[in-house]
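Observations on the three-dimensional arrangement
Okay, here's what each chain looks like letter by letter:
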Amino acid sequence: MNRKNSNKSRNPNKPTLAFYFLRALACINKKTSMASYNQRSGTIKRAAYASMALAAGPKRAWSRAVLCRVLWWGSSRLHGFPTRRRPRAFFHRRVRVADPKLREPSKADVLRRLVPGAKAMDLSRLLEETAHYIQYLRAQVLLMQNVVGSVSD
Amino acid sequence: MSSRRSRSRQSSSSRITDEQINDLVSKLQALLPEAGIRSNERVSAASVLQDTCNYIRSLHQEANDLSERLSELLATTDASSAQAAIIRSLLM
């Protein structure tokens, strides 16, 4: 019974994902004052992650972490706070060339850095969150490919 | 005597946890894109974790690229026709 419930809640609800994302896109479209191309693409990216997290619901650590980051980002820009105080690593990923001779982090630690909200989890919970995160991330990417495909035709 | 008991308790609890972890790792492996090819092999947990990390990174990168493309497209196309096209494609 428990397994069935967990399977049901795992599969991402595609219409819900689409609804949140399209609503965000419509809002972004209306605000034509965003002249800068970089700004708008960053906003679209944050909208994608936010709609993914909203569709996933608050029961997952990763969705809560993503929503916190998006809300913090939005509120700090609104109030004119400098957005550089907190590490921006999630939304502005840059490839850093690591020194190979330094102590190499374990694969689980690398995974903990990639999955939002997973820093302090034990291995079993980390694996569950990762599986859930991958399902939603993949569904979101497919949705965005659909949207790009239909708009560019 | 007490140490033996505690040792056996520890090993029994870690045995259960190991099984759980192997189960979770195999579920994760099933989600990866090469699941169909490698389903018969028994792959190590480390390689599954490595593949998972690579897959997540590639998904993030693809999301970034798609956001940029969408930003370009929304700037150039007419809003109402874009929305109509999107909704049509999603409903069909």
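Read on for an overview of the structure. Everything numeric in this text was worked out from a predicted model, so none of it was measured.

Procedures and definitions
- Residues numbered from 1 in each chain as written.
- Chains lettered and ligands numbered in written order.
- Predicted model: local features only at pLDDT ≥ 70, side-chain atom pairs only at ≥ 80, totals over all residues.
- Heavy atoms only, no water.
- Helix = DSSP H or I, 4+ residues; strand = E, 2+ residues; numbered from the N terminus.
- Buried < 20%, exposed > 50% of the residue type's maximum accessible area, 1.4 Å probe, protein only.
- Areas by Shrake-Rupley, 256 points an atom, 1.4 Å probe, with all protein chains shown as cover.
- Contact = heavy atoms within 4.5 Å.
- Axes fitted to C-alpha atoms, helices over the stretch in contact; angles between N-to-C directions.
- Parallel < 35°, antiparallel > 145°, perpendicular 65-115°, else oblique.
- Left-handed = near helix turned anticlockwise from the far one by under 90°.
- Core = buried A, V, L, I, M, F, W, Y, C linked by side-chain atoms within 4.5 Å.

Here the focus is the overall build of chain B. Each helix and strand in chain B was counted, giving three helices and zero strands. Listing each helix as α and each strand as β along chain B from the N terminus yields α-α-α. Counting only residues that meet the buried cut, chain B has 28% of its 92 residues in that class. Put simply, chain B shows about 6200 Å² of open surface, and 51% of that area lies on carbon and sulfur atoms.

Scanning chain A for helices and strands turns up six helices and zero strands. From first element to last, N terminus to C terminus, chain A shows the α and β order α-α-α-α-α-α. Taken over 153 residues, chain A has a buried fraction of 45%. For chain A, the share of sequence-separated contacts (at least 6 apart) that also reach a separation of at least 24 residues comes to 58%. Approximately 9600 Å² of chain A is accessible, and the part contributed by carbon and sulfur atoms is 53%.

With that settled, the discussion passes to helix α5 (residues 107-114) of chain A. When we look at burial in α5 of chain A, the residues that qualify are Ala108, Val110, Leu111, Arg112 and Leu114 of chain A. Here the buried face of α5 of chain A lies against α6 (123-152) of chain A together with α2 (45-76) of chain B.

Attention now moves to the packing of helix α3 (residues 37-56) of chain A against α6 of chain A. Residues and elements named next belong to chain A. Taken N-terminus to C-terminus, the directions of α3 and α6 make an angle of 130°; their axes are 10 Å apart at the nearest point. In terms of orientation, α3 lies oblique with respect to α6. When the axes of α3 and α6 are compared, the crossing they make is right-handed. Contact residues: α3 offers Ala48, Tyr49, Ser51, Met52, Ala55 and Ala56, while α6 offers His132, Tyr133, Tyr136, Leu137, Gln140 and Met144.

Let us now look at the nonpolar core. Of all hydrophobic cores here, the largest spans 60 residues; its most connected members are Phe21, Leu25, Met52, Trp62, Tyr133 and Val147 of chain A together with Ile56 of chain B. Of all the elements in the fold, those that place two or more residues in this core are α2 (14-30), α3, α4 (61-78), α5 and α6 of chain A together with α1 (2-31), α2 and α3 (79-91) of chain B. Of all the elements, α6 of chain A adds the most residues to this core, at 14 residues. Discounting chain neighbours no more than four positions away, the residues touching Phe21 of chain A are Ile44, Ala47, Ala48, Ser51, Gln140, Leu143, Met144 and Val147 of chain A together with Leu70 of chain B.

By themselves, these are just geometric observations and shouldn't be taken as functional.
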